[in-house]
Amino acid sequence: MYSVVLLAIAAIQLPDSLSLEDALARARETRPLAIATGGAVARARGTAMVAGMIPNPTVQVELDDDAPTHKLTATQQLSWIVRHGADRAAGRGIIARAVADSTQTIADLGLDVRHAFFGALAADALLGLTAEQGAIADSLVALASQRLRSGDISALERDVVAQEAARVRLSLSQAREASRAGRIGLGRAIAWTTTRAPAAVGALDAGLDDAAVVRLVTAADVSALPLVRAAVADSAAAAARLRAARLARIPIPGIVAGREWGSSADDNNVILGLAMPVPLWSRGGESVAEARGAATERTALAAEARLEARAQLEEAGIRLAESASRARFVRDSLLVAARSLRAGTVRLYESGRTDVLPVFESLRAERDVAQALVRELLAFQDARAVLLALLGRWN
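Residues numbered from 1 in each chain as written. Predicted model: local features only at pLDDT ≥ 70, side-chain atom pairs only at ≥ 80, totals over all residues. Heavy atoms only, no water.

Colleague: Help me understand the overall build of the protein in this model?
Modeller: Helix and strand counts for the protein stand at nine helices and six strands. For 395 residues, the compact-globule estimate of 2.2 N^0.38 gives 21 Å, and the C-alpha radius of gyration of the protein, at 36 Å, exceeds that figure by more than 25%. Each of the three principal axes of the protein carries a C-alpha extent, and together these read 135 × 40 × 30 Å. When burial is assessed residue by residue, the protein has 38% of its 395 residues classed as buried. Long-range pairs, those at least 24 residues apart, make up 81% of the contacts in the protein between residues at least 6 apart in sequence. Looking at the protein, you have 46 positive and 44 negative side-chain charges, and the mean spots of the two groups are 3 Å apart. (Helix = DSSP H or I, 4+ residues; strand = E, 2+ residues; numbered from the N terminus. Rg over C-alpha atoms; globule rule 2.2 N^0.38 Å. Buried < 20%, exposed > 50% of the residue type's maximum accessible area, 1.4 Å probe, protein only. Contact = heavy atoms within 4.5 Å. Lys, Arg positive; Asp, Glu negative; His and termini not counted. Charge placed at Lys NZ, Arg CZ, Asp CG, Glu CD.)

Colleague: Help me understand the environment of Ala-23, please; the structure alone is not making it clear to me.
Modeller: Relative to the assigned elements, Ala-23 resides in helix H2 (residues 20-30). Relative accessible area serves as the criterion here: at 0%, Ala-23 is assigned to the buried category. When the C-alpha atoms of Ala-23 and Arg-283 are compared, they prove to be 58 Å apart, with 260 residues separating the residues in sequence. With near-sequence residues (within four places) excluded, Ala-23 lies in contact with Leu-18, Val-113, Phe-117 and Ile-190.

Colleague: Would you explain a nonpolar patch on the surface in this entry?
Modeller: The grouping of Val-59, Val-61, Leu-63, Leu-72 and Trp-261 at the surface amounts to a nonpolar patch, some 480 Å² of accessible area in total. Residue contributions to the nonpolar patch peak at three residues, all from strand S2 (residues 58-64). In this fold, Trp-261 is placed in strand S5 (residues 254-261). Take Trp-261: its relative accessible area is 31%, and that puts it in the partly exposed class. (Patch = residues over 30% accessible without salt bridge, like charges linked within 9 Å, V, L, I, M, F, W, Y side chains within 5 Å. Areas by Shrake-Rupley, 256 points an atom, 1.4 Å probe, with all protein chains shown as cover. Salt bridge = Lys/Arg side-chain N within 4 Å of Asp/Glu carboxyl O.)

Colleague: Would you mind showing me how to read the packing of aromatic side chains here?
Modeller: Any aromatic ring pair is given by two values, namely how distant the centres are and how the planes are angled relative to each other. Inspection of the entire model under this criterion finds one aromatic pair. Plain terms: the ring middles of Phe-117 and Phe-118 are 5.3 Å apart, the flat faces sit at 90° to each other, and that makes the pair edge-to-face. Taken as a pair, Phe-117 and Phe-118 share a single burial class, namely buried. Above the ring of Tyr-349, the side-chain terminus of Arg-147 is found at 4.6 Å from the ring centroid. (Phe/Tyr/Trp six-rings, centres within 6.5 Å; stacked < 30°, edge-to-face > 60°. Lys NZ or Arg CZ within 6 Å of the ring centre and 35° of its normal.)

Colleague: Help me understand the nonpolar core, please; the structure alone is not making it clear to me.
Modeller: Among soluble globular proteins, nonpolar side chains are generally buried collectively. With 50 residues, the main nonpolar core has Val-113, Phe-117, Leu-186, Ile-190, Leu-204 and Leu-387 as its most contacted residues. Those elements that place two or more of their residues in this core are H2, helix H4 (80-150), helix H5 (155-189), helix H6 (211-218), helix H8 (285-350) and helix H9 (356-391). With twelve residues, the next largest nonpolar core counts Ile-136, Ile-153, Tyr-349 and Phe-360 among its residues. (Core = buried A, V, L, I, M, F, W, Y, C linked by side-chain atoms within 4.5 Å.)

Colleague: I tried to follow the environment of Arg-88 on my own but got confused; where do I start?
Modeller: If you trace the backbone, Arg-88 turns up in helix H4. Owing to a relative accessible area of 48%, Arg-88 belongs among the partly exposed residues under this scheme. Sequence spacing of Arg-88 and Phe-329 is 241 residues, and the spatial spacing of their C-alpha atoms is 56 Å.

Colleague: Help me understand the sheet that holds S2 in this model?
Modeller: Within a sheet, each strand pairs with its neighbour through backbone hydrogen bonds, oriented either parallel or antiparallel. Spatially, four strands are ordered S2-S3-S5-S6 in an open sheet, and the strand pairing comes out antiparallel. Strands with a single pairing partner mark the edges of an open sheet, and in this sheet they are S2 and strand S6 (269-275). Between one strand and the next, the sheet's axes are offset by a mean angle of 15°, whatever the strand orientation. Pairing of S5 with S6 involves seven bridges; the strand directions are antiparallel. By the bridge assignment for S6, Arg-259 is matched with Val-270. (Pairing = 2+ DSSP bridges. Axes fitted to C-alpha atoms, helices over the stretch in contact; angles between N-to-C directions.)

Colleague: Would you mind showing me how to read the pattern of salt bridges here?
Modeller: As a working rule, side chains carrying opposite charge can pair if their charged atoms are close by. Using the criterion set out here, one finds 19 salt bridges in the structure. Here Arg-339 and Glu-366 are joined by a salt bridge, their closest N and O atoms 3.4 Å apart. Within this pair, whereas Arg-339 is found in helix H8, its partner Glu-366 is found in helix H9, the two being separated by 27 residues in sequence. Like Glu-366, Arg-339 is buried. Via salt bridges that share partners, Arg-97, Asp-101, Asp-234 and Arg-298 belong to a single interconnected network.

Colleague: It is not clear to me how the packing of helix H3 (residues 32-51) against H4 should be interpreted in this structure. Could you clarify?
Modeller: A packed helix pair is summarised by two numbers, namely the angle formed by the two axes and the spacing between the axes. Remark: H3 packs on H4, axes separated minimally by 8 Å, with the N-to-C direction vectors making an angle of 175°. The orientation of H3 relative to H4 falls into the category roughly antiparallel. Contacts between H3 and H4 pair Leu-33, Ala-34, Thr-37, Ala-40, Val-41, Ala-44, Arg-45, Thr-47, Ala-48 and Ala-51 from the former with Asp-87, Gly-91, Ile-94, Ile-95, Ala-98, Val-99, Ser-102, Thr-105, Ile-106 and Leu-109 from the latter. (Parallel < 35°, antiparallel > 145°, perpendicular 65-115°, else oblique.)

Colleague: Would you take a moment to explain a positive patch on the surface for this structure?
Modeller: Positive charge collects at one region of the surface, where Arg-246, Arg-249, Arg-283 and Arg-292 lie side by side. Tracing the chain through its elements places Arg-246 in helix H7 (residues 226-247).

Colleague: Please explain H9 as it appears in this structure.
Modeller: Spacing of three or four residues puts side chains on the same side of an α-helix, whose turn is 3.6 residues. For H9, built from 36 residues, the straight-helix expectation of 52 Å at 1.5 Å per residue is met to within 8% by its first-to-last C-alpha distance of 53 Å. Backbone nitrogen of Leu-357 and a side-chain oxygen of the N-cap are separated by 3.3 Å at the start of H9; the cap is Asp-355. Positive backbone phi, approximately 75°, marks Gly-392, located one or two places after H9. (Expected span 1.5 Å × (residues − 1). Polar contact = N/O pair within 3.5 Å; in protein donor to acceptor, adjacent residues only side chain to side chain.)

Here it is in C-alpha cells:
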C-alpha cells in the first residue's frame with residue numbers, strides 16, 4: 001500500500017542493483033577487512049605453535065690440536081616437559097581470542113554493510129516521496145491555473161501555489177544528491193570497484209513485523225558474545241601463563257650426550273651426563289609475579305566485559321523494540337491519516353470549497369509524517385544491525 005515509502009527504488013530504476021543478501025555476500029568476499037581476519041587467526045595459530053614448541057638441542061664441538069682431542073656433545077633441555085601443557089593451553093587461549101576478534105570483525109563488517117544498504121534505501125525512499133510531492137504540487141499548479149481562468153481565485157493565489165511547487169523542486173534536487181551519495185556509500189561498504197555504484201533494492205521495513213527479531217534479545221547468551229569470548233580467552237591464556245611460570249621454577253635437568261676421540265688414552269669415549277640449571281641469580285619469582293598480575297588483570301577484565309556486554313545487550317533490545325513500535329505506529333496510523341487528510345483537502349480545493357492554505361498544510365503534514373516514517377524505519381534497521389553485530393552474527 002505504501003510502496004513509495006517502503007520500496008526504496010520505487011521512483012527510479014537503475015540497471016545495477018543489489019539486495020541485502022547480495023551486498024553482504026560481496027562484502028564478505030571482497031572487503032580487505034574480511035580477508036585480514038583469516039590472516040589474524042593464522043597468525044594466532046602460529047603464535048600458539050611457538051608457545052608449545054619443543055626446544056632444539058644444543059650441539060657443541062671442541063677441538064684441541066695440542067692433545068690432540070676432539071669432542072662432540074649435544075645437550076637437550078627437558079624443562080619444557082613440565083610446562084608444555086600450560087604453554088599449549090596459553091596457545092589455545094590466543095587462538096580463541098583471535099577467533100572471537102575475527103567473529104566480531106566480520107559482524108562489524110555486516111553492521112557497516114547494513115548501515116550503508118538501508119541508508120541508501122532511505123535516501124531513495126525520500127527521493128521517491130519528494131518526487132510524489134512534486135507531482136502533486138504540479139497538479140495543484142494546473143488546477144490553480146484552471147480556477148484562475150474560471151475567475152474562482154486571484155492571480156496571487158495561483159502564484160502562491162506555483163511558489164510552493166518551486167520549493168518542492170528544490171527539495172527534489174537535495175533528495176537526488178542524498179540518493180547519489182547513498183549509492184556511493186553502499187559501493188564503499190561492499191568494495192565496489194566500478195565507476196557506477198549499485199542501487200539498493202529491498203523493503204525498508206524488512207523484519208519490522210517479524211517477532212523473531214525481538215527474540216534475538218531474549219534468546220541471547222551473554223557468554224556467547226564475541227566481546228565476552230575475547231575477554232575470557234585472554235583470561236584463560238593469562239592463567240595458563242601463570243601456571244607455566246610456576247612450573248618453570250622446578251629445576252629440571254637436561255641430558256648431555258656425546259663422544260670424545262683422538263686422545264692417546266682412549267680413542268672412543270662416550271659421554272653421558274646431566275645439565276642441571278643452577279638458580280643462582282634468579283629463582284623465577286619475577287616471572288611468576290608478572291604472570292600473576294597479568295592473570296589478575298585479565299580475570300577482572302573478563303568480569304567487566306560481562307557487565308558491559310549485558311548492558312549493551314539490554315540497551316540494544318530496548319532500542320530495537322522502541323524503534324519498531326514507533327515505525328509501526330507511523331506506518332499504520334499517522335501516515336494513513338495524513339494521506340487521507342491530504343486527499344480530502346485537494347478534493348475540497350478542486351471543488352472550490354476551501355482555499356489553498358489547508359492544502360499546503362495537509363501536504364506539509366503528509367511530507368513530515370512520511371519523512372518521519374523513513375527515519376523510524378532506518379532507526380529500526382540500525383538498531384537491528386547493531387544487535388546482530390553485538391551478537392556476532394552475520395545474518
